[in-house]
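Residue-level listing of the chains:
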Amino acid sequence: MTITTQVWDIALEGLTAGYGPKVVLENISTVLPGGKISMVLGGSGCGKSTLLRQIIGLSAPMEGKVLLGGNDFFAMKDAEFRRMRRRMGVLFQDGALLGSLTVGENIALPLREHTHLKEAEVQEIVLHKLSLVGLAHTTALYPSQLSGGMRKRAGLARALVTDPPILLCDEPTSGLDPISAAQMDALLLEMRERFPSMTIVCVSHDMESVKAIADHVLVLHEKQVIFQGSLHNLQETTKPYLLQFLARAPMREEEQGASYPLSEATRAHMHRELELQ
Ligand SMILES: Nc1ncnc2c1ncn2[C@@H]1O[C@H](COP(=O)(O)OP(=O)(O)OP(=O)(O)O)[C@@H](O)[C@H]1O
Ligand SMILES: [Mg+2]
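An account of the accompanying structure is given in this report. Along each chain, residues carry numbers from 1 onward, in the same order as the chain's sequence is written. Here chains are named by letter from A upward and ligands by number from 1 upward, in the order in which they appear as written. In keeping with the model being predicted, local features are shown solely for residues with a pLDDT of at least 70 and side-chain atom pairs are shown and tallied solely at 80 or more, while totals for entire chains, interfaces and linings include all residues. Heavy atoms from the whole structure form the basis of all side-chain values; hydrogens and water molecules are not counted.

### Some points on the packing of aromatic side chains
Between 30 and 60 degrees the pair is tilted, below 30 it is stacked and above 60 it is edge-to-face, where a pair is any two Phe, Tyr or Trp rings, Trp via its six-membered ring, whose centres lie within 6.5 Å. Per the counting criterion, the structure on display carries 4 aromatic pairs. Measuring from ring centre to ring centre gives 6.0 Å for Y241 and F245, while their planes differ by 35 degrees; the resulting arrangement is tilted. Here the residue Y241 and the residue F245 both occupy positions in helix α9 (residues 240-246), the gap between them amounting to 4 residues, near one helical turn. The buried label goes to any residue with under 20% of its type's maximum accessible area, the exposed label to any with over 50%, and the partly exposed label to all in between, with areas taken from a 1.4 Å probe on protein chains only. You can call Y241 partly exposed: its relative accessible area is 22%. Runs of H or I in DSSP of at least four residues are treated as helices and runs of E of at least two as strands, each being numbered from the N terminus.

### Describing the pairing of strand β4 (residues 63-68)
On a regular strand, each side chain points to the face opposite its neighbour's, so the side chains alternate between the two faces of the sheet. At least two DSSP bridges between two strands are required for those strands to pair. Where strand β1 (residues 10-19) lies against β4, 5 bridges are found, and the strand directions are antiparallel. Bridge pairing in β4 links L12 to V66. Sheet topology places β4 next to strand β5 (residues 71-72); 2 bridges connect them, and they run antiparallel. Among the inter-strand pairings, L68 is bridged to a residue of β5, identified as N71.

### Focus: the site of ligand 1
Note on terminology: near, applied to a residue and a molecule or strand, indicates that one of the residue's heavy atoms is within 4 Å of it. Residues in contact with ligand 1 amount to 13 residues; listed here are only the nearest, S44, G45, K48, S49 and T50. By the criterion applied in these results, polar contacts are pairs of N or O atoms within 3.5 Å in which, for protein atoms, one can donate a hydrogen and the other can accept it, and in which residues neighboring in sequence qualify only through two side-chain atoms. G45 places a main-chain nitrogen or oxygen 2.8 Å from an oxygen atom of ligand 1. Interatomic distance of 2.9 Å between a side-chain N/O atom of S49 and an oxygen atom of ligand 1. Note on areas: these come from Shrake-Rupley sampling with a 1.4 Å probe, and a residue is covered only by the protein chains present in the view. Coverage of ligand 1 by the protein chains reaches 60% of its 640 Å² of free accessible surface. Secondary structure elements with two or more residues in the shell around ligand 1: β2 (22-32) and α1 (48-56). The element that contributes the greatest number of residues to the shell around ligand 1 is α1, accounting for 3 residues. Taken together, the residues of the shell around ligand 1 break down into 3 nonpolar, 7 polar and 3 charged. Gly is placed with the polar residues, together with every amino acid not listed as nonpolar (Ala, Val, Leu, Ile, Met, Phe, Trp, Tyr, Cys and Pro) or charged (Asp, Glu, Lys and Arg).

### Concerning the pattern of salt bridges
By definition here, a salt bridge exists when the distance from a side-chain nitrogen of Lys or Arg to a carboxyl oxygen of Asp or Glu is within 4 Å. Overall, the coordinates contain 5 salt bridges when judged by the stated rule. Here R192 ties to D215 by a salt bridge, and the two come within 2.6 Å at their closest N and O atoms. Of this pair, R192 sits in helix α6 (residues 178-194) while D215 sits in the loop between α7 (207-213) and β9 (216-221), and the two are 23 residues apart along the sequence.

### Description of the state of the cysteines
A pair of cysteine sulfur atoms is labelled a disulfide when the two atoms are within 2.5 Å. Under the criterion given, the structure shown has 0 disulfides. We note that C46 lacks a disulfide partner, and the nearest cysteine sulfur, in C202, lies 15 Å from it. Looking at C46, the relative accessible area reads 11%, which means it is buried.

### Quick notes on the sheet that holds β5
With antiparallel pairing, the 4 strands of this open sheet are ordered in space as β2-β1-β4-β5. On the outer flanks of this sheet lie β2 and β5, each paired with one strand and no other. Note on definitions: a residue-residue contact is assigned when non-hydrogen atoms from the two residues lie within 4.5 Å. Angles run from 0 to 180 degrees between N-to-C directions of axes, and those axes are lines fitted to C-alpha atoms, restricted for helices to the stretch in contact. Sitting on the sheet, α1 touches β1, β2 and β4, and the angle it makes with β1 is about 120 degrees.

### Observations regarding the packing of helix α3 (residues 103-114) against helix α5 (residues 148-159)
Between α3 and α5, the shortest axis-to-axis distance is 8 Å and the interhelical angle comes to 30 degrees. When the axis of α3 is compared with that of α5, the two are roughly parallel. When you trace α3 past α5, the crossing you get is right-handed. Between α3, through V103, N106, I107 and P110, and α5, the contact on the second element is made entirely by A154, A157 and R158. Among the residues forming the contact of α3 with α5, the class breakdown is 5 nonpolar, 1 polar and 1 charged. Relative orientations are named as follows: roughly parallel for angles under 35 degrees, roughly antiparallel for angles over 145 degrees, roughly perpendicular for angles from 65 to 115 degrees, and oblique for any other angle. Handedness of each helix crossing follows the sense of rotation of the near helix against the far helix: counterclockwise by less than a right angle gives left-handed, clockwise gives right-handed.

### Looking at the sheet that holds strand β7 (residues 166-170)
Paired through backbone hydrogen bonds, the strands of a sheet run either parallel or antiparallel to each other. Spatially, β6-β7-β8-β3-β9-β10 is the arrangement adopted by the 6 strands of the open sheet, whose pairing is mixed. The open sheet terminates on both sides in strands that have one partner only, identified here as β6 (88-91) and β10 (224-229). Averaged over all pairs of adjacent strands, the angle between strand axes in this sheet comes to 15 degrees, irrespective of strand direction. Along the sheet, α5 makes contact with β6 and β7, crossing β6 at roughly 170 degrees.

Honestly, that's just the spatial picture; any functional story needs more than this.
Have a look at this one:
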């Protein structure tokens with residue numbers, strides 16, 4: 001298969017995924033539309049990152065298929081599979097920059113590993129991508145010298161360095177203050193404008209962010225897709241779980257696991273001990 005600039009839908013067909021014998025997602029079929037921003041929502045532990053791992057090819061499905069631009073990802077020959085994986089841009093939760101390399105070297109890494117571009121060309125691409133996220137002045141800095149929001153933006157520049165047809169982001173706004181989170185949203189919208197054929201999939205907990213950027217929403221619950229469609233349709237839902245989710249209502253107690261009360265005697269003893277130190 002040749003890499004083209006066509007728009008790639010991501011289709012899941014009867015996908016069952018998990019770890020060892022544990023099933024996390026069961027018989028899921030859905031399409032994340034090409035050239036759009038899809039947001040994957042759901043409670044903690046429902047399998048959002050697991051879904052991303054399948055799309056990135058980090059683990060193979062227990063059953064079913066992942067189709068990228070209509071091609072069965074896990075049926076590809078080894079070389080093609082690796083080439084496909086190289087073409088995916090991934091923004092991990094913490095930016096996942098290597099602390100021992102400068103920001104510029106981090107962004108250059110995928111190009112140095114997978115291409116024979118000249119050094120001047122690598123530098124040109126690195127500066128261009130960093131400028132897209134407003135960080136051209138940080139090339140020589142180390143990740144530890146950046147703020148959390150800057151690290152996420154640098155992670156985005158690295159995810160974008162190979163002009164990926166598919167960009168996957170795990171919680172791009174988590175841990176950011178509201179202003180930095182809004183900047184990240186604006187940046188993702190700008191990327192959608194700039195690269196109209198790029199298919200963007202973001203996992204998020206942040207409803208503000210979903211409202212700001214989602215073209216398409218997928219909600220996971222109890223191993224299933226319980227909603228797929230537009231944000232508008234999601235807001236019109238009458239399903240109790242979705243209403244609870246949208247209203248940020250607390251879970252019922254039996255869903256939160258066992259509770260262990262602390263006795264007054266132990267608490268008082270701990271306080272006395274702490275006073276003595
Ligand atoms: N490497 C692993 N080995 C075994 N089980 C795992 C592994 N990673 C995740 N799980 C389990 O799979 C389930 C789904 O985890 P996943 O990380 O996909 O959830 P999530 O929806 O991304 O949650 P969060 O919103 O907290 O990031 C959880 O029950 C988790 O304990
Ligand atoms: Mg996760």
